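Analysis of the macromolecular model
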Amino acid sequence: DIGPAAALFDGECVKGACSATDISDFMSEFVEPLRLERMLEAMVSILVTIVLHQLGGLPATSRWFTHTHTPVPSSASTTPRVDRATTPSTSPDAELEMHDVIRLTSVYGMGWVIWVLWMAAVAGQWCFTLTAFILKLEAYFTFEDRHRQCMTELGDGQAVLNVSLPVMGVHPALLVLQISMLVQVATFCAGLQSAGFITNCNVYIWRWASFFTLPLLAMLVGYFLFTLSFVVGAIHHSP
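First, a word on what this report is: a plain description of the structure on this page. (Residues numbered from 1 in each chain as written. Predicted model: local features only at pLDDT ≥ 70, side-chain atom pairs only at ≥ 80, totals over all residues. Heavy atoms only, no water.)

In this structure, Cys189 sits in helix α7 (residues 172-194). Between the alpha carbons of Cys189 and Thr199 there is a distance of 9.7 Å; along the sequence they are ten residues apart. Beyond its immediate stretch of four places on either side in the chain, Cys189 contacts Ile198, Cys201, Tyr204 and Ile205. (Helix = DSSP H or I, 4+ residues; strand = E, 2+ residues; numbered from the N terminus. Contact = heavy atoms within 4.5 Å.)

Given below as structure tokens:
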């Protein structure tokens, strides 16, 4: 009978038919994150997630090294891939000069092992984050199904909690998971680009953002426009 729970649930019904422990857990998971300090905590956690994924760079799958150029017979074609970086010279024998440098690449076996393990860790993080996102949604619907009879209703019979359901996707607890998945996708694509599997990771990042974020934003904007929630908020909550 104290705090937001008193406005969202019928106290008498909770005492007789619903689990007060479940309602307390629900308030902790879905309502408490709306507090200002919890929202600031969520923003900081997003920044920490981005920093941790960039910490230490990407595992190298090849090694670059330079050495003084030494002419070799044309029949010896067993050298690695060569990217010439010659210093301009007017001498016809520039190929033999000491400042003529060759950059060589060689496959770094241990680097590939570390790269595979690193990419598997990033992919695993993404899978766990997606699972947490789905479980959060499932937890809400399961709770609503079990305790619907104790929820406070509006005049049209809709539960107060369900009125805000269309904007559940931007709930701080879920928004942190969505941004974390976007960061993990960006990190995974950067790993693929560093190993030469793709040439432009930004394309795939934008595809994921469009697939996962734009429909959510469209739903959110549509909700506020068609329900005029922003007008009600301006009237009742403006100073």
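Using the criterion set out here, one finds six salt bridges in the structure. Ionic pairing is found between Arg38 and Glu41, a salt bridge with its closest N-O pair at 3.7 Å. In this pair, Arg38 and Glu41 both sit in helix α4 (residues 36-54), three residues apart, roughly one turn of the helix. The partner of Glu144 in a salt bridge is Arg148, with the nearest N and O atoms 3.6 Å apart. What makes Glu144 buried here is its relative accessible area of 18%. (Salt bridge = Lys/Arg side-chain N within 4 Å of Asp/Glu carboxyl O. Buried < 20%, exposed > 50% of the residue type's maximum accessible area, 1.4 Å probe, protein only.)

The subject of this paragraph is a nonpolar patch on the surface. Side chains of Val44, Val48, Leu52 and Leu55 sit close together on the surface and give an oily, nonpolar patch of about 390 Å² of accessible area. Assignment of secondary structure puts Val44 in helix α4. (Patch = residues over 30% accessible without salt bridge, like charges linked within 9 Å, V, L, I, M, F, W, Y side chains within 5 Å. Areas by Shrake-Rupley, 256 points an atom, 1.4 Å probe, with all protein chains shown as cover.)

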